[in-house]
Structure formats: C-alpha cells, structure tokens
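Here are the chains, one letter per residue:
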Amino acid sequence: MSSERAVVIIEFTGYWRCSTGRGTAAALDSFVARDAAGLPVVPGRTLKGILRDAVNRLHGTVLGDLLFGSSGFDRSGNEPVPLSDTFAGRLQVSSAYVDEDVRAWMLTQPAGSAESAAMRETLFTSLAQTAINERTGTAEDYSLRVAEVALPLTLTADISLLTTAAGDLPDDWVSKLDEACCLIEGIGGNRTRGLGRCSVTVKAA
C-alpha cells in the first residue's frame, strides 16, 4: 500500500542560504529567508524544484511530472504547452523548517525580547566576496558583496498526497524519492562557491 505522507530531512554540513533577494545598502546585500519565528527556512518552492530535478535525472520526467506536476514546456524544454495540457502533481511539499529541538530551545525566551533576538542571531553570520581582476590581481571596483548565511542545521519538510490530482502513484514513491536524493549535493544560493552542501533523505511518515 502506498504511503500517504513522507518527511524530507535536510542536513546542512556548511554555511547555506536561501535568499530573500532583499538587503540593506549599508550592511548586507541579501538576507536569508526566515520563517514566522525568525529562523532560517528552505521555501517549499525551492525544495520542490530540487527534488523534481533529482527525480527527473534518476528516474525520468514521466515520474517527475506525476509527482510534481507538468513543467509547462514540451519535452525539448523550450516550447510552452497550452495551459489545458498541464496538470498538477500528486505531491504537496512544505517549506523545510529548523529541527524541533532547536526550535524549542529558541522559544524558551519570550518572543520579541532581547534574549530571544540574540539567540536567533547565533544561527546567522555573513560572508564577503569580491571579483578579482585576472590581469592585475586586485579587486574589481564596486564588486564587494556581503551576504547573510545560516550556520549548519538540520531542517525537515512534510510531503503529503493531493487527492484531487490525477494519476496513480507507484507504491514505492517514497523510496524512489529517497534514491534520487543521492544526486542532491547542495541547496540554496552560491552552490558553485561551496555554499549549501547537504545530505537529503526522504522517509515515510
């Protein structure tokens, strides 16, 4: 019998960042996305895209489309298809949140207090990078960027079945998802620079 729920476990092994795209001119060029409690989060849309790509590469786009919905493009990936020819996937992926043990520790202080804010800030730091001129070996003018990053953490997300979507899932869809996770090396921005290294597993809930 096919499982109706699964849990995604993301274990970051280094600094990582899912950016909001916003920053402050005086300090940071971009901030890490946070949940309502002010803790770092991997948005569901980001996680779904990472899982879809892994499934497509290991198991093919037929299963990928069944799980996550049609991409809206033809098999070449270049031409859009009519909206009437698209369909929803069977899986709903939540955002990935900080492990419950860490969340409980963070919430031991009153919300909005200086202690609470200070505890949350221990989960973040900033990294600076700049472009180097290959000819002179010096930094390019105006190329300095300072981005907020999150410290290594374990986050979890929920996957549930959408009963309104068409298509029969294979009974082993959880194990197929977990198998595909071996292809995921990182999540978030600046992965080519070494950020976001992680291990991802999927287990039946």
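Before going into details, it helps to say that this report is about the structure given with it. Model, not experiment: these values are computed from the prediction.

Procedures and definitions
Residues numbered from 1 in each chain as written. Predicted model: local features only at pLDDT ≥ 70, side-chain atom pairs only at ≥ 80, totals over all residues. Heavy atoms only, no water. Helix = DSSP H or I, 4+ residues; strand = E, 2+ residues; numbered from the N terminus. Buried < 20%, exposed > 50% of the residue type's maximum accessible area, 1.4 Å probe, protein only. Contact = heavy atoms within 4.5 Å. Areas by Shrake-Rupley, 256 points an atom, 1.4 Å probe, with all protein chains shown as cover. Phe/Tyr/Trp six-rings, centres within 6.5 Å; stacked < 30°, edge-to-face > 60°. Lys NZ or Arg CZ within 6 Å of the ring centre and 35° of its normal. Axes fitted to C-alpha atoms, helices over the stretch in contact; angles between N-to-C directions. Parallel < 35°, antiparallel > 145°, perpendicular 65-115°, else oblique. Pairing = 2+ DSSP bridges. Polar contact = N/O pair within 3.5 Å; in protein donor to acceptor, adjacent residues only side chain to side chain.

### What about the overall build of the protein chain?
And then number 1: Counting its regular elements, the protein chain contains five helices and seven strands.
And then number 2: Reading the protein chain from its N end, one meets helices and strands in the order β-α-α-β-β-α-α-β-β-β-α-β.
And then number 3: Looking at the 205 residues of the protein chain, the share that counts as buried comes to 38%.
And then number 4: Within the protein chain, contacts between residues at least 6 apart in sequence are counted, and of these 68% link residues at least 24 apart.
And then number 5: Summing over all exposed atoms, the protein chain offers an accessible surface of approximately 11600 Å²; the carbon and sulfur share of this is 52%.

### Some words on the side chain of Asp-35
And then number 1: Among the secondary structure elements, Asp-35 is positioned in the loop between β1 (5-12) and α1 (44-59).
And then number 2: For Asp-35, a relative accessible area of 13% translates into the label buried.
And then number 3: Contacts of Asp-35, omitting those with residues within four sequence positions, involve Val-41, Tyr-97 and Arg-103.

### Details of the packing of aromatic side chains
And then number 1: Summed over all chains, the structure comprises one aromatic pair.
And then number 2: The ring of Phe-124 has Arg-34 lying over it, and the distance from NZ or CZ to the ring centre is 3.8 Å.

### Digging into the packing of α1 against helix α5 (residues 173-180)
And then number 1: Packing of α1 against α5 brings their axes to within 8 Å, and their N-to-C directions diverge by 95°. Taken together, the axis directions place α1 and α5 in an arrangement best described as roughly perpendicular. Residues Ala-54, Val-55, Leu-58 and His-59 of α1 form the contact with α5, whose participating residues are Lys-176, Leu-177, Glu-179 and Ala-180.

### Quick look at unusual backbone geometry
And then number 1: Phi at Asn-190 is positive, roughly 60°, even though this residue is not glycine.
And then number 2: Within the element layout of this structure, Asn-190 appears in the loop between α5 and β7 (198-204).
And then number 3: Look at Asn-190 and you get partly exposed, because its relative accessible area is 25%.

### Observations regarding the pairing of strand β6 (residues 154-161)
And then number 1: One ladder, built from seven bridges, connects β1 with β6; its direction is antiparallel. By the bridge assignment for β6, Val-8 is matched with Ala-157.
And then number 2: Across two bridges, the pairing between strand β3 (residues 97-98) and β6 is antiparallel. The residue of β6 that forms the bridge with Val-98 is Leu-155.

### A few points about the environment of Arg-5
And then number 1: Its location among the elements puts Arg-5 in strand β1.
And then number 2: Taking the C-alpha atoms as reference points, Arg-5 and Ala-205, 200 residues apart in sequence, are found 5.3 Å from one another.
And then number 3: In this structure the side chain of Arg-5 is engaged in a polar contact, spanning 3.3 Å, whose partner is the side chain of Asp-158.

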